[in-house]
Amino acid sequence: MTVKLVVLYTQPDDPNGFDEHYLGVHGPLVDSIPGLQRWEGARFVAAADRGEQTYHRMAELYFDDQASLQAALGSDEGKSTAGDYGRIAPPGSRMFIAAVD
């Protein structure tokens, strides 16, 4: 069963600087993760429900199954990407694992 890692980034202090690092450094790290089927990133531009725009950006990383995801996260490339996440993720950012229907 396909699974995905869903990452939600809260609002950074410097959105332009965050996006520059995210697209120029973090994205290429994600690209290097073994077993990754594909990934998508997006910047939120509005809250459709007119509520607070809590999140700045999101990413979805797709894997064949839970075992592939765990292997990817345990790889050197996965650890490097996780380390960068720890450096750039604003407080309150979250990661979830979801089973794709």
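Right above here is the structure, for reference.
First, a word on what this report is: a plain description of the structure on this page.

Parameters at a glance
Chains are numbered independently. Their residues run from 1 in the order of the written sequence. Restriction of local features to residues with pLDDT of at least 70 applies here, the model being predicted, together with a cutoff of 80 or more for giving and counting side-chain atom pairs; totals for whole chains, interfaces and linings are based on all residues. Derived side-chain values reflect all non-hydrogen atoms in the structure, with water molecules and hydrogen atoms excluded from consideration. Axis lines are fitted through C-alpha atoms, for helices just across the contact stretch, and the angle between N-to-C directions can take any value from 0 to 180 degrees. Elements are defined by DSSP. Helices are runs of H or I of four residues or more, strands are runs of E of two residues or more, and each kind is numbered from the N terminus. Angles are sorted into four bins: roughly parallel if under 35 degrees, roughly antiparallel if over 145, roughly perpendicular if 65 to 115, and oblique for all others. Residues are treated as being in contact if the distance between any of their heavy atoms lies within 4.5 Å. Asp, Glu, Lys and Arg are counted as charged, while Ala, Val, Leu, Ile, Met, Phe, Trp, Tyr, Cys and Pro are counted as nonpolar; the rest, among them Gly, fall into the polar class. Values of bend correspond, residue by residue, to the angle between axes fitted over the seven residues ending at that residue and the seven starting there. The buried label applies to any residue whose accessible area, calculated with a 1.4 Å probe on protein chains only, is under 20% of its type's maximum; exposed applies above 50%, and partly exposed to all values in between. In protein, a polar contact requires one atom able to donate a hydrogen and another able to accept it; more generally it is a pair of N or O atoms within 3.5 Å, and residues adjacent in sequence count only if both atoms are side-chain atoms. As used here, the term nonpolar core means buried Ala, Val, Leu, Ile, Met, Phe, Trp, Tyr and Cys residues forming a set that is joined through side-chain atoms within 4.5 Å. By salt bridge we mean one thing: a side-chain nitrogen of Lys or Arg within 4 Å of a carboxyl oxygen of Asp or Glu. Here is the rule: rings of Phe, Tyr and Trp (six-membered ring for Trp) pair when centre to centre is within 6.5 Å. Planes less than 30 degrees apart are stacked, more than 60 are edge-to-face, and the remainder are tilted. Here, over-ring charges are defined by two tests on the NZ atom of lysine or the CZ atom of arginine: distance to the ring centre within 6 Å, and angle to the ring normal within 35 degrees.

1. Some thoughts on the packing of helix α2 (residues 66–74) against helix α3 (residues 76–88)
Next up, step 1: Relative orientation of the contacting elements α2 and α3 amounts to 70°, with a least axis distance of 4 Å. In this view, α2 runs roughly perpendicular relative to α3, as classed from their interaxial angle. Contacts between α2 and α3 involve Ala 72, Leu 73 and Gly 74 from the former and Asp 76, Gly 78 and Lys 79 from the latter.
Next up, step 2: Split into classes, the residues belonging to the contact of α2 with α3 amount to two nonpolar, two polar and two charged.

2. Structural notes on helix α1 (residues 15–31)
Next up, step 1: Considering bend angle alone, the principal kink of α1 is centred on Tyr 22 and spans about 40°.
Next up, step 2: Packed against the buried residues of α1 are β1 (3–10), β2 (38–43), β3 (55–63) and α3.

3. A short note on the side chain of His 26
Next up, step 1: Structurally, His 26 is set in helix α1.
Next up, step 2: Residue His 26 is classed as buried on the basis of its relative accessible area, which comes to 4%.
Next up, step 3: At 2.7 Å, the side chain of His 26 forms a polar contact with the side chain of Asp 84.
Next up, step 4: Every residue in contact with His 26, bar those within four places of it in the chain, is listed here: Tyr 9, His 21, Thr 81, Asp 84, Tyr 85 and Ile 88.

4. Quick notes on the nonpolar core
Next up, step 1: Val 7, Tyr 9, Tyr 22, Ile 33, Leu 36, Leu 61 and Phe 63 are the most contacted members of the largest nonpolar core, which has 16 residues in total.
Next up, step 2: Only β1, α1, β3, α2 and α3 provide two or more residues apiece to this core.
Next up, step 3: With four residues, the top contributor of residues to this core is β1.
Next up, step 4: Sequence-distant contacts of Val 7, defined by excluding residues within four places in its chain, comprise Arg 57, Met 58, Ala 59, Tyr 85, Arg 94 and Met 95.

5. Some thoughts on the pattern of salt bridges
Next up, step 1: Using the criterion set out here, one finds four salt bridges in the structure.
Next up, step 2: A salt bridge links Arg 87 to Asp 84, with the nearest nitrogen and oxygen atoms 3.8 Å apart. Here Arg 87 and its partner Asp 84 are both found in helix α3, three residues apart, which amounts to about one turn of the helix.
Next up, step 3: Arg 87 gets classed as exposed once you look at its relative accessible area, which sits at 63%.

6. A short note on the packing of aromatic side chains
Next up, step 1: A complete count under the given rule lists five aromatic pairs for this structure.
Next up, step 2: Through a chain of ring-to-ring contacts, three or more aromatic side chains come together here, namely Tyr 9, Phe 18, Tyr 22, Trp 39 and Tyr 85.
Next up, step 3: The cationic tip of Arg 38 hangs over the ring face of Tyr 62; the distance from NZ or CZ to the ring centre is 4.0 Å.

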